[in-house]
Number of protein chains: 4
Amino acid sequence: MNSNSLGHIFTITVFGESHGTGIGVIIDGVPAGLPIDVAEIQEFVNLRRPGTDDIVTQRQEEDKVEILSGVFNGRTTGAPLTLFARNMDVDSRHYELYRRVPRPGHADYPAKIKYKGYNDWRGSGRFSGRITLAYVMDGAIAKKLLSDALGIEVMAYTKQIGSVKIDSIDIDKIRKNRYRNYVRCPDPKVAMKMREEIVTAKLNGDSVGGVIECIVDNVPVGIGEPIFNSVESELSKAMFSIPAVKGIEFGLGFGFANSWGSEVNDEYAIRNGKIVARTNNSGGILGGLTTGMPIVFRVVLKPTASIAKVQKSVDMEEMKETELVVKGRHDPCIVPRAVPVVEGLTAVVLTDLALQGGVIKKVL
Amino acid sequence: MNSNSLGHIFTITVFGESHGTGIGVIIDGVPAGLPIDVAEIQEFVNLRRPGTDDIVTQRQEEDKVEILSGVFNGRTTGAPLTLFARNMDVDSRHYELYRRVPRPGHADYPAKIKYKGYNDWRGSGRFSGRITLAYVMDGAIAKKLLSDALGIEVMAYTKQIGSVKIDSIDIDKIRKNRYRNYVRCPDPKVAMKMREEIVTAKLNGDSVGGVIECIVDNVPVGIGEPIFNSVESELSKAMFSIPAVKGIEFGLGFGFANSWGSEVNDEYAIRNGKIVARTNNSGGILGGLTTGMPIVFRVVLKPTASIAKVQKSVDMEEMKETELVVKGRHDPCIVPRAVPVVEGLTAVVLTDLALQGGVIKKVL
Amino acid sequence: MNSNSLGHIFTITVFGESHGTGIGVIIDGVPAGLPIDVAEIQEFVNLRRPGTDDIVTQRQEEDKVEILSGVFNGRTTGAPLTLFARNMDVDSRHYELYRRVPRPGHADYPAKIKYKGYNDWRGSGRFSGRITLAYVMDGAIAKKLLSDALGIEVMAYTKQIGSVKIDSIDIDKIRKNRYRNYVRCPDPKVAMKMREEIVTAKLNGDSVGGVIECIVDNVPVGIGEPIFNSVESELSKAMFSIPAVKGIEFGLGFGFANSWGSEVNDEYAIRNGKIVARTNNSGGILGGLTTGMPIVFRVVLKPTASIAKVQKSVDMEEMKETELVVKGRHDPCIVPRAVPVVEGLTAVVLTDLALQGGVIKKVL
Amino acid sequence: MNSNSLGHIFTITVFGESHGTGIGVIIDGVPAGLPIDVAEIQEFVNLRRPGTDDIVTQRQEEDKVEILSGVFNGRTTGAPLTLFARNMDVDSRHYELYRRVPRPGHADYPAKIKYKGYNDWRGSGRFSGRITLAYVMDGAIAKKLLSDALGIEVMAYTKQIGSVKIDSIDIDKIRKNRYRNYVRCPDPKVAMKMREEIVTAKLNGDSVGGVIECIVDNVPVGIGEPIFNSVESELSKAMFSIPAVKGIEFGLGFGFANSWGSEVNDEYAIRNGKIVARTNNSGGILGGLTTGMPIVFRVVLKPTASIAKVQKSVDMEEMKETELVVKGRHDPCIVPRAVPVVEGLTAVVLTDLALQGGVIKKVL
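Heads up: these notes are all about the structure in this document.

Thresholds, definitions, all that
- Residues numbered from 1 in each chain as written.
- Chains lettered and ligands numbered in written order.
- Predicted model: local features only at pLDDT ≥ 70, side-chain atom pairs only at ≥ 80, totals over all residues.
- Pairing = 2+ DSSP bridges.
- Helix = DSSP H or I, 4+ residues; strand = E, 2+ residues; numbered from the N terminus.
- Contact = placed C-beta atoms within 7 Å.
- Axes fitted to C-alpha atoms, helices over the stretch in contact; angles between N-to-C directions.
- Left-handed = near helix turned anticlockwise from the far one by under 90°.
- Nonpolar A, V, L, I, M, F, W, Y, C, P; charged D, E, K, R; others polar.
- Buried ≥ 20, exposed ≤ 12 C-beta atoms within 10 Å, placed from the backbone.
- Least-squares fit on C-alpha atoms with pLDDT ≥ 70 in both.
- Core = buried A, V, L, I, M, F, W, Y, C linked by C-beta atoms within 7 Å.

**Considering the sheet that holds strand E4 (residues 66-69) of chain C**
Residue and element names in this part refer to chain C. Read from one edge of the open sheet, five strands run E1-E2-E3-E7-E4, paired in antiparallel fashion. Whereas interior strands pair on both sides, the edge strands pair on one side only; in this sheet they are strand E1 (5-6) and E4. Pairing of E4 with strand E7 (residues 81-86), which is carried by three bridges, proceeds in the antiparallel orientation. Pairing of Glu 66 across the sheet is with Phe 84, part of E7. Across the sheet, helix H4 (residues 132-150) touches strand E2 (11-16), strand E3 (22-28) and E7, and the angle it forms with E3 is around 35°.

**Regarding the packing of helix H7 (residues 231-239) of chain A against helix H9 (residues 335-356) of chain A**
All names here are of chain A. Packing of H7 against H9 brings their axes to within 9 Å, and their N-to-C directions diverge by 140°. Judged by the sense of rotation from one axis to the other, the crossing of H7 with H9 is right-handed. Between H7 and H9, the residues in contact are Val 231, Glu 234, Leu 235, Ala 238 and Met 239 and Val 342, Leu 345, Thr 346, Val 348, Val 349 and Leu 353, respectively. Each residue belonging to the contact of H7 with H9 can be placed in one class, and the counts come to nine nonpolar, one polar and one charged.

**Here we look at the pairing of strand E16 (residues 295-301) of chain C**
All names here are of chain C. Across the seven residues of E16, seven count as buried, placing the element largely inside the fold. Both faces of E16 are covered, namely the face carrying Ile 295, Phe 297, Val 299 and Leu 301 and the face carrying Val 296, Arg 298 and Val 300. Where strand E10 (residues 210-217) and E16 come together, seven bridges link them in antiparallel fashion. When the sheet's bridge partners are listed, Ile 215 is paired in E16 with Val 296. Alignment of strand E11 (residues 245-250) against E16, held across five bridges, turns out to be antiparallel. In the strand pairing of E16, Ile 248 is matched with Val 299.

**Digging into the interface of chain A and chain C**
Taken residue by residue, the interface counts 35 residues in chain A and 35 residues in chain C. Within the residue set of the side of chain A that touches chain C, elements represented by two or more residues are strand E2 (11-16), strand E3 (22-28), strand E4 (66-69) and strand E6 (75-76) of chain A. A per-class count over the side of chain A that touches chain C returns ten nonpolar, 19 polar and six charged.

**Some details on the relation of the copies chain A and chain C**
Each copy superposes on the other: chain A lies on chain C with an RMSD of 0.0 Å after a rotation of 180° and an axial shift of 0.0 Å. On the angle and the small slide along the axis, the relation comes out as a two-fold axis. In this assembly, 100% of the residues forming the interface of chain A have copies in chain C that are likewise at the interface, indicating an isologous arrangement.

**Section: the interface of chain B and chain A**
Chain B puts 92 residues into the contact, and the matching count from chain A is 91 residues. A per-class count over the side of chain B that touches chain A returns 42 nonpolar, 34 polar and 16 charged.

**What about the arrangement of the chains?**
Note that chain B does not reach chain C: the shortest distance linking a C-alpha of one to a C-alpha of the other is 7 Å. At the C-alpha level, the nearest point of chain A lies 7 Å from chain D, with no contact between them.

**Considerations on the nonpolar core**
Among the nonpolar cores identified, the biggest contains 448 residues, and Ile212(A), Ile212(B), Ile212(C) and Ile212(D) are the most heavily contacted of them. Not counting the four nearest positions on each side in its chain, Ile212(C) is found in contact with Ala156(C), Tyr157(C), Thr158(C), Lys159(C), Arg298(C), Val299(C), Leu301(C), Val335(C), Ala338(C), Val339(C) and Val342(C).

**Details of the environment of Val341(B)**
Residue and element names in this part refer to chain B. For Val 341, the position within the fold is in helix H9 (residues 335-356). Take Val 341: there are 27 C-beta atoms within 10 Å of it, and that puts it in the buried class. Along the backbone, Val 341 and Leu 47 are 294 residues apart, and their C-alpha atoms lie at a distance of 9.0 Å.

**Brief notes about the pairing of strand E17 (residues 310-315) of chain D**
Residues and elements named next belong to chain D. Note that E17 and strand E18 (residues 320-325) share six bridges and pair antiparallel. Bridge pairing in E18 links Gln 311 to Leu 324. Here E17 folds back onto E18, and the loop between the two strands holds four residues, one of which, Met 319, carries a positive phi near 50°.

**Here's the deal with unusual backbone geometry**
The peptide bond linking Pro226(A) to Ile227(A) adopts the cis configuration, its omega dihedral lying at 15°. The phi angle at Lys116(C) is positive, at roughly 55°, despite the residue not being glycine. Judged by C-beta crowding, with 14 C-beta atoms within 10 Å, Lys116(C) ranks as partly exposed.

Here it is as structure tokens:
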């Protein structure tokens, strides 16, 4: 399968560039009969938009979703479902320079080599964070399908920005509060501190990184296909398709390194006649299969590569060292906008695995 | 593609169980004409064997590799290359209990639900670490192909076991020393301390986790297929097929969270007429493509789930809580044996991506 | 891979319905740097349009191709190339009846069962011949790529309509004349007789079938991937995605049944210093690989299922037998319009195989 | 997916060469719990063996099937099921010549070019009819699964050999009699005449072609995945992986060309409260979906390429024309031995499609 497609039964194929005609996705394998409300899709897609906070990019895109195929009489038909949003607010003035003088932290240099200079460089083209618009479009469909068929709920939130971190938080607060502020942190006090980190970055012409945690609740036991299509394999593959993601860990994650087995093995118990784990260090996944406990994972996002400070680079034509000031419109921290993106892609992966495993049997 | 296959052009399909007939792999897409020496494969495969140190499992498997297809006159033919090793030292006595009383930290419980009790439970069956024998078999082929065609060198080593960690080490020491001791740590002093952590675990009837770092040297610019087949996506998908891996990070990884962009962007320079990055926080990957700098990533492995201590579990037939002591033969720390596994799978992924991108053009 | 995608490296993913928003395709795996002229695509797409002959459907669609992604500065970028054409002339009045009373020869009945009634029934929805518009869009790209990179020429023509058949014809006449008349027959006299067959069908409220032959000239030796991705396997898979195709044969095809090996084996000779076959009964393919001789195959298309005559059917709601007169706008013979469709899909398949085999190395 | 794998959910990956270690297959996606009796597999595999009739090859292979993985306690486990049979009766003396002087009708010439001379040429290597041994191994599993889960019965038989043809025959005779004689023709009188055609070929140092018809009975409505994974697309792709197959037609097939729609549309009726078609010209498939009527298709096989007569060829090293007499052990007609191969692959394809469409829900 080609590199713009993800999934086995429930497959997304994404297309579009930052400053091209638009961004879109074909979703194949959607069961027939799922009710589709374009307003509901738009609502989820809007969670990724920069909003009006002054710490975000000045590019104003409506991200208006159009259904190009696959829906009839308000329901899916079993045919491929295509969603598309046109780019409206495009300004490519600053980018031609970067073909010659690559921006540190961006794909300019390897992309030019790989595509022999033919890649679309406007607004970073295919390497722009704007491509994640496709992930929330298809994510809206997947979230609905998971919810309607299995009652599964996918919830991501900002866990860390710079030095500000939320250590633990109740799942119900995440459920209710995560989209109540722009930084997507369910604890309003921490959210304010996170915002300050971003403001500091912006004022310094700098950028800052962070961590998103994703929790999937009400997961049936036994979703996942070992060996290579394990829940962890498939989720990680998807997450690294989000620009800026540089790491992922499940459950205790890197905390496992300095642990004894007796401390971190999740022992079993019976609660209300059901088998449960007494702890969830495994993040709801054993042997690549869901255990019935919530899936828990975290992804780290690096600081936005585009910063206003002078940086060292090279002139690729003259092959000499030079300096560069990156222009254009950018978010000083991409973490908040990536929260619904993580949710969407997580839902896409789990829908695919649930269909593969025959766990989703009925939609209507 | 099904869940026991990995790759797009250079594809591995793995099979076998811990206590079944054996472990094997079909490698499809190997270019014709690659010289194959079964002794060379065996040598790499042996690096995964437990060895004679007294801190390892007592199961003694020869892991003798047989070529079932795809090689003729000492070279690959373009036909699928099949490698197989029979299981010889099998003792399944203790495992039947775990169908009824699942071991904490193992896949017993979700596997039983998913496969309705029909999964092979002997020695953990398909969920055993023994399946990674297939990964070193195919890894030997991929390493040779990468080395012959592109001069790429894949090197993993043990970076952390429990509380003992190696902070930084010269790449040449990794190259020369990583397989000189059983813990697979290129610094002999640190290696001794790591061994003590494992001994402590073993004496306590416990187990311990750790971190493996993998470095890929001499990488051409532009390997990788964005979006979903990025280097990070494909490597992470593969790594999570190694039992016990619970996290992966590239370059600075989770360290990006608390960083400013200006600190961590890799600025460019020119050295000896070539474009290089002044730092390598990105781990040799930007936009999912290789930058020409070494690929650097780390995976965390949880402590072996099988420990000798009493653990709480449940009796799934009587649906009541109970206690369990896990028997069988186990490594108190799986990290050292996973080092060649990480190398092997990394080589498989990069071979596939190099072939996809047309970077490998000639083998002979 | 899902059922709306075809190919391994050069992949098409098609979408759209007869009376929906439009018809489109994502082409993934197009090498960067291929010059793209939308007028050239349109020209090839237009060959599939019904034209103005009075023996064709009255539905008038402009089939205006829009590029939604993947082209920049007149060249491909390496990103997915998306083509789309909106449906303009839609009349769905007659179709609702067929959900209840299925049309003989159409997919109405099995589609209703499979999709539980949710399939888009307007104009046959996803089962309409209109979906082949996507095949000529991507075919235009593939034809250009094959031609630019390898000089390969794909030529289809109408070999038979009803009782009128063209027995043999010179390849240069096919090259020059096949699109000179509406029936797509390179022999003008036979073309006139073919047209009469269609006129007869139309006057009788009936329809008629036919055969298309496809010849691929200037093919390098060794394209194709045995076993399952042989040239024959891949071409046949593609051809049966054209509605109405019910058979395919290569070279001598069904004529092989009543033949002795000594009559039909293609013996070798040397001509102008090159190895050639003295005959081409194999249709240019041995062992699933191209031999360097022209690829030759034929597909049979059944008569258009929609006819004006009274037919027996059933009322699926009342579960009783009934009669049906099919309304709507239809071609009495679909063969001529399928000629560029066969060409386009053939080019898609061969491009994919040539890229897989490393035969295409350079585009520019 | 690579060229030695077929299928999407129920996937086969085949390996092995004619004179190598053996022939095998990994079947992935077999539901857990299917009872497996190796004797039953062997029984079906034996139908492909040449038997003792004196018109067959003198190569005597036991084709003894060994299960290498995926079965435990007599049932499938959900893990990949691997079957393998070692080659025992190998004689490669005559083949080295054909690397230099390619046999007409064989893959020698294009294979040498494609694989740069590294392909295994012993006994035609990967291009031998012996690879179809893998298809009957996996076919035995698929036939059982289809039969147990859905009551589907797959039956192929020899319809034509040379000039001898069986025009129509009752399905019950096919069911009972097709394996009662070596030519696999359910009409004993016609079978004798067919045998005479083969004897004639053999006496003349020649070979002869033929046609196999395959009928699938008791098919549920709605199996198949349009567009590219239609029943016809998937079956044809599989059939062309059988060496010597050069054409396939469904239902009326090439007979559609000279037909009016009103003659060949399958009208509907109600029989015993169920919707049925009054005729079955469509071969049980409309819009790529099963209609509930029997699937009917025919494949044509060319005469065995290896004949004892002198043939013209070329010396590829000296680049001059020469003559060749092909030696080795061959069947003068491959059609009878291909009958269970067609059955097996058909079952594999339908199992995959039935699983994809959710039609198979329960195995046990």
